[in-house]
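What follows is each chain in one-letter form.
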Amino acid sequence: MDTPLPHTLDVITSAEAGTLHGLFLRRCERTPDGEAYRQHDPASGTWKSHRWREMSAQVARWHASLDREGLAPGERVAVLLGNSVEWVCFDQAAQSLGLVVVPFYTTDNPENIAYILGDCGARLLLVGEVGQWQVLTPLRARFPQLSRVLCLGRPANAPFDHGAELRFAADWLLEEAAPVSMRAADPNALATIVYTSGTTGRPKGVMLSHRNILVNAEAVTRIVPAYREDVFLSFLPLSHSFERTTGYYLPVMAGSCVAYARSIQDLPEDLLAVRPTVLVSVPRIYERVYARLQKQLADKGPPARALFKWAVNVGWRRFEAMQRRAGEPGIGARLAWPLLRRLVADKILLRLGGRLRLAVSGGAPLHPGISHCFLALGLPLLQGYGLTEAAPVVAANREQDNLPESVGAALPGVELKIGEKDELLVRGPNVMLGYWGRPEESGKAFDAEGWLRTGDQARIDDRGRVYILGRLKEILVMSTGEKVAPNDIEMAITQDPLFEQAMVVGEGKPYIAALLVLNAAAWREFAAGLALDPDAPASLAQHSVHRRVLEKLHELLRSFPGHAKVRAVRLSLEPWTIDNGLITPTLKLKRSEIELRFATAISDLYAGHALPA
Amino acid sequence: MADYPSQLVKHRVLFDGTEVTIRPICCEDSGMEQEFVRHLSADSRYYRFMGTLLELPQKKLQYFTEIDYDRHMAFVATVMQEGKEVEIGVARYVATERPGACEFAITVDDAWQGTGVAGLLMIALQEAARLRGFKTMQGMVLATNHKMLKFARQLGFTMRREPGEGDTVHVELQL
């Protein structure tokens, strides 16, 4: 392990910043030679650094080029691009012109993107590749206000006939531009609209002001300090408000560097190349690291497993003692720890780059077994809680008061209380302005005294720590932090005559899977179409059948957000009935019983994604 | 087919003064029952069936309307709208395998929730179950269905959650 990096605290407050662009300009003035971003350059195969000084010049070019589009402050511009320096440049240029940025998930489907473009009346869209625009063109009538499409990458072969509205960034960007000067702007003005999938129906646009985001980032720095020497590894999409606030604006505020990971697949390698000191993530990533660890242990044999178990046991006792929740471990454990650390813990932490001083998890509940494991190995893993409507962080654990079962206490400046039906209510300067174009739903989001309803049920202990108990609406929260309403999905699936009964699962899982009962007659036809024997039990398990069914589901769920895609199915011809005990006598689906009866089948649907027991 | 228990037909008044008929369901009600289910909001349908149904398939519709008024009993609440009888709520019990026990379910049209009609249906249903010798009435409610849980608590049902069944609450009443 290296000697620890120095810790230079240099936070620009939200009051000093004023706006998101003010924050960026202040940072460029304050530490022009500091490293701002690091991005992989596929051409040279190396990581390229961008200093604040260079970022300032880049943003000036984007600003001047965007200015020529003649958009008025308050108009919406959308971005459909992976995390990158260009994302930052576009966002900052737009913010400097008072435009409202609407981010998209690159994995989202065309239907949903078209809907959002139309809903917010976006005037301009930035895409990464021509193909992303190409799939939107058949839906062009749904977003008539769009007048310009910018494409970052230029295709090698001749592009399709794209008309005059598409420009390639390389041609569009001005070569030279004067530095952008600070303009007076209202901190309470709308800065961004972040779309979230509600429990039912179409996604809603959460309106966040500059102040909403800035005060939230600042409050987080006050309980979990970030330093100029910190390096964040960013891989959670910037379209997610958690990454946007804590993985983008917060590092600007603290003068830290952000490195953009190439992809989730490359993450193990990028961790070693970048050696981050801070990770901001959703449970999914910690689950992946944990799963890899379990697999390696399984391959190694009993002695290695016993050693690992011992290290976690001793490490956990040390952690509890450090948290002052338990006495010092015994002499044996104290003597064994240095050796266990060298043999086990350090080796595992080395795979995360070996310099990690902080890992943050939010967006969905993190399995306590996973927190225990990492905390015991000496990785400070902090769980927090938030929602897009609160820009987004509401509560978080502190390093000195870290309880994996809790999501921690309220951030400074954020008020919490428990309302009717144990609902957690939030009030504070980070709470959204409302939902875009939906006054009625905006009104419903708040109670009479202006508290934001979270829809989550919670308990608050005498030290102010929040424990999430459940939720008020019937929704599944995946381990990626994304939410889906099983009701809507099941309804869409059973529209198709092939699917007689459907139940989707995915709570705490990385993706959605479905248990499907097929209609006997429709199945005969379907099987015949694939030249399969409908009466042979093996036919249901055929790869070709599953592929076709998944395609069908994909089609049925076309208008749903990308994360609501069903990735695995279990097919059966045996209906759920009163006789087999899967429906009650009054015809209620016994969801828990179905989950129990098909537990093995369900765990097969998530093979390779096991969680601790 | 069992004789229609016409002695159980009652006329009542809701909180807002609307006249409502509480009566056992019959096979001629299948069209009205189907309309009722179709008219429910997606949330209400989900709470009722804990799964997705846009409408009742023929077999289920038959199961719901052609009953023996003994092991399976159902009351509908209806109002007259433009000269037509319209179903605004339904409550039923069906005997379970456990001797002396029956399972109940109740649904009220979204627009009629909070009018007192659910209480009227449950009084009729419990009375009928008691007279037919049932000792316990039980039910399954989604944990997020707070209106129903509150209602069941007011009626004196006890609540129980089974380990590993996070989403459902078992409610039970000694008749």
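Chains are numbered independently. Their residues run from 1 in the order of the written sequence. A letter from A marks each chain and a number from 1 marks each ligand, given out in the order of writing. Selection of residues for local features in this predicted model requires a pLDDT of at least 70, selection of side-chain atom pairs for listing and counting requires 80 or more, and totals for whole chains, interfaces and linings are taken over all residues.

Comments concerning the sheet that holds strand 7 (residues 158-160) of chain B
All names here are of chain B.
Right, on to step 1. With respect to topology, eight strands assemble into an open sheet ordered 1-2-3-4-5-6-8-7, the strand pairing being mixed. Across the chains shown, the open sheet's two edge strands, defined by having one partner strand only, are strand 1 (10-13) and strand 7. With direction set aside, neighbouring strand axes in the sheet form an average angle of 30°.
Right, on to step 2. Of the strand pairs in this sheet, strand 6 (residues 136-142) and strand 8 (residues 168-174) are connected by seven bridges, and their pairing is antiparallel. Paired with M137 across the two strands is L173, which belongs to strand 8.
Right, on to step 3. This entry defines residue contacts through backbone-placed C-beta atoms, with two residues in contact when those atoms are within 7 Å. Orientation is described by lines fitted to C-alpha atoms, with helices fitted over the stretch in contact, and by angles between N-to-C directions that extend from 0 to 180 degrees. In this description a helix means any DSSP run of H or I spanning at least four residues, a strand means any run of E spanning at least two, and both kinds are numbered starting from the N terminus. Along the sheet, helix 5 (residues 146-154) makes contact with strand 6, strand 7 and strand 8, crossing strand 6 at roughly 155°. Any two strands with at least two DSSP-identified bridges between them are counted as paired.

Observations concerning the packing of helix 2 (residues 20-30) of chain A against helix 9 (residues 241-254) of chain A
Relative orientation and spacing of two packed helices are given, respectively, by the angle between their axes and the distance between those axes.
Residues and elements named next belong to chain A.
Right, on to step 1. It is at 9 Å that the axes of helix 2 and helix 9 come closest, and there the two elements cross at 40°. Between helix 2 and helix 9, the crossing angle belongs to the class labelled oblique. Between helix 2 and helix 9 lies a crossing whose hand is left-handed. Across the interface between the two elements, L20, L23, F24 and R27 from helix 2 touch Y249, V252 and M253 from helix 9.
Right, on to step 2. Note on residue classes: Ala, Val, Leu, Ile, Met, Phe, Trp, Tyr, Cys and Pro are nonpolar, Asp, Glu, Lys and Arg are charged, and everything else, Gly too, is polar. Residue classes in the contact of helix 2 with helix 9 are distributed as six nonpolar, no polar and one charged. For this classification, under 35 degrees means roughly parallel, over 145 means roughly antiparallel, 65 to 115 means roughly perpendicular, and everything else is oblique. Each helix crossing is assigned a hand: it is left-handed if the near helix lies turned anticlockwise from the far helix by less than a right angle, otherwise right-handed if that turn is clockwise.

Digging into the environment of I475 of chain A
Residues and elements named next belong to chain A.
Right, on to step 1. Position of I475 relative to the elements: it lies in the loop between strand 21 (465-471) and strand 22 (476-477).
Right, on to step 2. Using a count of 19 C-beta atoms within 10 Å as the deciding quantity, one classes I475 as partly exposed.
Right, on to step 3. For the pair formed by I475 and P486, sequence separation is 11 residues and the distance between their alpha carbons is 6.2 Å. Counting other C-beta atoms within 10 Å of a residue's C-beta gives its exposure: the residue is buried at 20 or more, exposed at 12 or fewer, and partly exposed in between, where C-beta atoms are placed from the backbone.

Some remarks on the pairing of strand 4 (residues 84-95) of chain B
Residue and element names in this part refer to chain B.
Right, on to step 1. Pairing between strand 3 (residues 72-81) and strand 4: 10 bridges, direction antiparallel. Residue pairing across strands places V79 opposite V86, the latter belonging to strand 4.
Right, on to step 2. From the end of strand 3 to the start of strand 4, which pair antiparallel, there are two residues, and E82 there has a positive phi angle of about 50°.
Right, on to step 3. Two strands pair when backbone bridges link them, and strand 4 and strand 5 (residues 101-108) are joined in this way by seven bridges, in the antiparallel orientation. The residue bridging V94 from the neighbouring strand is E103, located in strand 5.
Right, on to step 4. Between strand 4 and strand 5, which pair antiparallel one after the other, the connecting turn spans five residues, and G100 there sits at a positive phi close to 80°.

Comments concerning the domain arrangement of chain A
All names here are of chain A.
Right, on to step 1. The source of the domain bounds is an automatic or database domain assignment. Along its sequence, chain A is organised into domain 1 (14-281) and domain 2 (477-605).
Right, on to step 2. With centres defined by C-alpha atoms, the gap from domain 1 to domain 2 works out at 37 Å.
Right, on to step 3. The class makeup of the residues in the side of domain 1 that touches domain 2 is two nonpolar, six polar and two charged.

Some points on the interface of chain B and chain A
Right, on to step 1. Residue-level contacts link 23 residues of chain B with 22 residues of chain A.
Right, on to step 2. In terms of residue class, the side of chain B that touches chain A is made up of 11 nonpolar, seven polar and five charged.

A short note on the pairing of strand 14 (residues 381-386) of chain A
Residues and elements named next belong to chain A.
Right, on to step 1. Among the six residues in strand 14, six count as buried, and that is most of the element.
Right, on to step 2. A two-sided burial pattern is seen for strand 14, the buried positions comprising L381, Q383 and Y385 on one face and L382, G384 and G386 on the other.
Right, on to step 3. Of the pairings in the sheet, the one linking strand 13 (residues 358-361) to strand 14 comprises three bridges and is parallel in character. Each residue of the ladder has a partner; that of S361, found in strand 14, is Q383.
Right, on to step 4. Handedness rule for crossovers: strands pointing away from the viewer, path from the first strand over the helix to the second running clockwise, crossover right-handed. On the question of chirality, the crossover connecting strand 13 to the parallel strand 14 by way of helix 14 (residues 368-376) is right-handed.
Right, on to step 5. In this structure, strand 14 lies alongside strand 15 (residues 393-396), joined through three bridges in antiparallel fashion.

Let's talk about the sheet that holds strand 24 (residues 499-505) of chain A
All names here are of chain A.
Right, on to step 1. A sheet is described by the order of its strands in space; here three strands give the open sequence 24-25-26, paired in mixed fashion. Both edges of this open sheet fall to strand 24 and strand 26 (566-572), since each of them pairs with a single strand only. Across the sheet, the mean angle separating the axes of adjacent strands is 25° when strand polarity is ignored.
Right, on to step 2. In this sheet, strand 25 (residues 512-518) lies alongside strand 24 in antiparallel orientation, the contact comprising six bridges. From the neighbouring strand, V505 faces strand 25, where its bridge partner is A513.

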